[in-house]
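# Inside the fold
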Amino acid sequence: MPDENNETVDMKDIVALCKRRGFVFPASDIYGGINGFWDYGPLGVELKNNLRDLWWKQMVTTPPIGPDGEPLQIVGLDSSIIQNPKAWEASGHVGGFSDPMVDCKETKKRYRADHLIVLIPNDGDGAWLALHEDAEATEIDKRIKKIGKGSKENYKIETLVSLDTKDYEKIIAPDTKEKGTLTEPKEFNLMFDTHVGATASEDNKAYLRPETAQGIFLNFKNVVDSSRVRMPFGIAQIGKAFRNEVTPRNFIFRSREFEQMEMEWFCHPDEVKKWHDFWFEERMKFWESIGLAGSNLIKRDHDKDELSHYAKEGLGTADIEYRFPFTAPGFGELEGVAHRCDFDLKAHAEASGQKLDYLDPARDNERYVPHVIEPAAGLTRGVLALICEAYTPDPNRPSGVYLNFHPSVAPKKAAILPLTAKEEHVPLATKLYMELREDFPVDLDIKQNIGKRYARQDEIGTPFCFTIDNDTIEDQTVTVRHRNTMKQERIVMDNVAEYMRKEMALMEK
RNA sequence: GCGGGUGUAGCUCAGUGGUAGAGCAUCAGCUUCCCAAGCUGAGGGCCGUGGGUUCGAUCCCCAUCACCCGCUCCA
């Protein structure tokens, strides 16, 4: 996408292209869709898999070299989406996800219902006054003086949640002077729940995971006991997560079903600063290496007050943010590198009664609960960022737009095109296609004139087109047509695979 | 969740109280030695969904769903 000087890309056009070419469809499209869910089409799934595989390679197959020059140890995991519900109570998600909220119809303000108290006149006559539970005595006095009657002695104090909602019409909300402006409390539980077993009841209620990370903590002991890893080490996992977002928005950016790529890096508490810095740099390099370079990618540290419950202590969270068209000139979160302290392992140790600490032979058999540095990326957000970054309007070419994908993520690496549908061109093209498809995802496109076919490949971001023409019959050469420049050159047909490897390696620099 | 907007062919949109059009795309055939070119033809829509008013609704009214924008919310 264009940088900050040229914010002319419209999200609508990107969404339209995604549907038209088979990257992303609205889920349940033929039934009118369903809010917050999306399907990945033939090209979208290729793109998503490419990003997923590159992440897995960086994390598990070929983890980076650590600060001391040794390759790091990271192992993979694929845990279940549904776990024992106790896991989510221990992790803080059940409590943290179920805040009842009330809205004030007058001021449009929203309050945590369990944070409001209500002053009720002892004689049952007159308005009830709602206040924040932290309100100081002077504040209460002031409010009674202003719109109430008498003094504090004339009132009893109840919590809002203990009251019958029928009585809400008597209540004056904290920031208004009128009665009856508070709505009924609404549960904002962001965890999807379901039931395990054929009949639904409170007894068998379970949750769809809102993050993949907990599956890693739950298996910490299993992995340590079975895989000979030693501190420091990482456990990586890619998978679906579910959040019942209040407002799914911005295409696939905030959806209710999404995919995460998370790695929990376990280390000694004294080393967290080193590893937090290390992983932030590594993750930044990763996104840059697949094309999200330049001013569209930034680092942002979380403010204290926005930190999640597990990161209140420690080093906090540093985000890698991308300038999406809908956030420009601002940025949206792509990945967070958090210091989760020992919050999760401690919580699960306490709740489960299991020992989740580590006996470290390298530290004189010191026994400790490891701290965790967590690079947690949104796979589906990454896909969106790649599409947005690649989207390049170009009025000088027939398609009017092309996707400038980095070759490593492009869903199709090349298209093989016979210049005409004549008998001599097609067999040669088919032969080349059959050879190339062993090594690369490639397309063979025979129909229609050559311009239309180039245009189609531009729109799906295919880096190379190889065209077979009359000269091919004579001298076994083909035309290479480059997506970004539309320039052409001729190479020997037998060298096409080698040529692609070379060119793609060059672009990865 | 609140306020505003939109919903007609794959896409971009016309249109009318009397059972629907254009351009582009798609597909087929011909043509074509390199950038959505040309010619011919084809497929494709219960006019988002459900009610109501009416002899009759794609059009008017209500509801609902989805999407967009702004708030709000957001581990």
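Residues numbered from 1 in each chain as written. Chains lettered and ligands numbered in written order. Predicted model: local features only at pLDDT ≥ 70, side-chain atom pairs only at ≥ 80, totals over all residues. Heavy atoms only, no water.

### So, the side chain of Thr477
Following the sequence through the fold, Thr477 ends up in strand β26 (residues 477-482). Reaching out from Thr477, the side chain makes a polar contact with the side chain of Arg490 at a distance of 2.8 Å. If near-sequence neighbours (up to four positions away) are discounted, Thr477 is found in contact with Asp471, Thr472, Arg490, Ile491, Val492 and Met493. (Helix = DSSP H or I, 4+ residues; strand = E, 2+ residues; numbered from the N terminus. Polar contact = N/O pair within 3.5 Å; in protein donor to acceptor, adjacent residues only side chain to side chain. Contact = heavy atoms within 4.5 Å.)

### Looking at the nonpolar core
Counting residues in each nonpolar core, the largest one holds 58 residues, and the members touching the most others are Phe23, Leu51, Trp265, Trp279, Trp287 and Phe405. Apart from residues lying up to four places away in sequence, Trp265 is in contact with Leu72, Gln73, Ile74, Pro232, Phe233, Gly234, Trp275, Trp279, His371, Val372 and Ile373. Counting 21 residues, the second-largest nonpolar core is a separate cluster that includes Ala429, Leu432, Ile468 and Val478. (Core = buried A, V, L, I, M, F, W, Y, C linked by side-chain atoms within 4.5 Å. Buried < 20%, exposed > 50% of the residue type's maximum accessible area, 1.4 Å probe, protein only.)

### Brief notes about the environment of Pro375
Take Pro375: it is sitting in strand β20 (residues 371-378). Exposure remark for Pro375: the relative accessible area of 1% places this residue in the buried category. C-alpha of Pro375 to C-alpha of Thr317: the two residues are 58 residues apart in sequence and 9.5 Å apart in space. Among all residues touching Pro375, those that are not within four sequence positions of it are Met261, Glu262, Met263, Trp279, Arg283, Glu335, Gly336 and Val337.

### A short note on helix α11 (residues 425-436)
Taking 1.5 Å per residue, 12 residues should reach 16 Å; α11 reaches 17 Å between its end C-alpha atoms and fits that length. Considered for burial, the residues of α11 that qualify are His425, Leu428, Ala429, Leu432, Tyr433 and Leu436. Projected onto a plane normal to the axis of α11, the buried residues spread over an arc of 135° and lie on a single side. (Expected span 1.5 Å × (residues − 1). Arc of directions from axis to C-beta.)

### Side note on the packing of helix α2 (residues 42-61) against helix α10 (residues 379-390)
Pairs of packed helices are described in terms of their axes, by the angle between the two and the distance that separates them. Running from N to C, α2 and α10 cross one another at 115°; their axes reach a closest spacing of 10 Å. Judged by the angle between their axes, α2 and α10 are roughly perpendicular. In this structure, α2 meets α10 at a crossing whose hand is right-handed. In this structure, α2 uses Leu47, Lys48, Leu51 and Arg52 to contact α10, whose residues at the interface are Leu379, Thr380, Gly382, Val383, Leu386 and Ile387. Grouping the constituent residues of the contact of α2 with α10 by class yields 6 nonpolar, 2 polar and 2 charged. (Axes fitted to C-alpha atoms, helices over the stretch in contact; angles between N-to-C directions. Parallel < 35°, antiparallel > 145°, perpendicular 65-115°, else oblique. Left-handed = near helix turned anticlockwise from the far one by under 90°. Nonpolar A, V, L, I, M, F, W, Y, C, P; charged D, E, K, R; others polar.)

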